[in-house]
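Chains, contacts and geometry: an overview
This is what each chain is made of:
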Amino acid sequence: ITFIVTVVNISVVLCRGPSGVRALALDAEGNLVDDFVFDGGKGELGSRILHIRNAPSPAASSSLAIAEMIADELEKRFQL
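Each chain has its residues counted from 1, following the order in which its sequence is written. Note on the predicted model: pLDDT of at least 70 is required for a residue's local features to be given, and 80 or more for side-chain atom pairs to be given and counted; whole-chain, interface and lining totals, by contrast, use all residues. Side-chain measures were taken over the full set of non-hydrogen atoms in the model, leaving aside hydrogen atoms and water.

- Identification of the protein as L-2-hydroxyglutarate dehydrogenase from Cirrhinus mrigala is taken from an unreviewed UniProt entry.
- UniProt positions are given in the numbering used here, feature names are shortened, and annotations may be inferred rather than shown by experiment. The UniProt entry for the protein carries this comment under Cofactor (unreviewed entry): "FAD".

Topic: the overall build of the protein
- The way it works is that DSSP assigns letters per residue, a run of H or I at least four long becomes a helix, a run of E at least two long becomes a strand, and they are numbered from the N terminus. Helices and strands together make up the secondary structure of the protein, namely 5 helices and 2 strands.
- Starting at the N terminus and walking to the C terminus, you meet the elements of the protein as α-α-β-α-β-α-α.
- Burial classes follow relative accessibility: with a 1.4 Å probe on protein chains only, a residue under 20% of its type's maximum area counts as buried, one over 50% as exposed, and anything between as partly exposed. Residues classed as buried in the protein amount to 14% of the 80 residues present.
- The method behind every accessible area is Shrake-Rupley, applied with a 1.4 Å probe, and residues are considered shielded solely by the protein chains displayed. When the accessible surface of the protein is split by element, carbon and sulfur atoms take 60% of a total near 6900 Å².

Here's the deal with unusual backbone geometry
- Phi angles above zero are rare outside glycine, and Gln-79 is one such case at about 45°.
- With respect to the helices and strands, the residue Gln-79 is situated in the segment after α5 (64-78).

Description of the pattern of salt bridges
- Salt bridge, as applied in this entry: a Lys or Arg side-chain nitrogen positioned within 4 Å of an Asp or Glu carboxyl oxygen. Under the definition given, this model contains 3 salt bridges.
- A salt bridge links Asp-39 to Arg-53, with the nearest nitrogen and oxygen atoms 2.5 Å apart. Of this pair, Asp-39 sits in strand β1 (residues 37-40) while Arg-53 sits in strand β2 (residues 50-53), and the two are 14 residues apart along the sequence.
- Note on Asp-39: relative accessible area 27%, which makes it partly exposed.
- Ionic contacts of the salt-bridge type, sharing partners, join the residues Glu-73, Lys-76 and Arg-77 into one network.

Describing α5
- When the terminal C-alpha atoms of α5 are compared, their 21 Å separation across 15 residues agrees well with the 21 Å that a helix rising 1.5 Å per residue should span.
- For α5, the complete set of buried residues consists of Ile-66, Ile-70 and Glu-73. The buried side chains of α5 occupy one side of the element, clustering within an arc of 60° when seen end-on. Turned more than 90 degrees from where α5 packs its buried face, Leu-64, Ala-65, Glu-68 and Lys-76 sit exposed.
- Two or three places before Ala-65, at the start of α5, stands the capping residue Ser-63, its side-chain oxygen 3.2 Å from that residue's backbone nitrogen.
- A positive backbone phi angle near 45° is found at Gln-79, which sits one or two residues after α5. By this rule the span expected of a helix is its residue count minus one, scaled by 1.5 Å. Here, the arc refers to the directions that run from the helix axis to the C-beta atoms. Here a polar contact is taken to be a pair of N or O atoms separated by no more than 3.5 Å, where protein atoms must pair a possible hydrogen donor with a possible acceptor and residues adjacent in sequence count only if both atoms sit in side chains.

Here it is, written out as structure tokens:
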């Protein structure tokens, strides 16, 4: 970490870098998943957990429309 901190300066911070790479989710058949994937665990603890995968960005996962979709899934899975 010391090495990384010592090489960071204002010219590095202001320099525009290359485009990033984002991982894409695939389903069991190898097809790209366009939407969120909801998964639950197994067993006593796992059955009380909802995993939300394939969230493309923090901004998307904080969207009110997506929050409504997650709330609907929670109601359905946990009979709320």
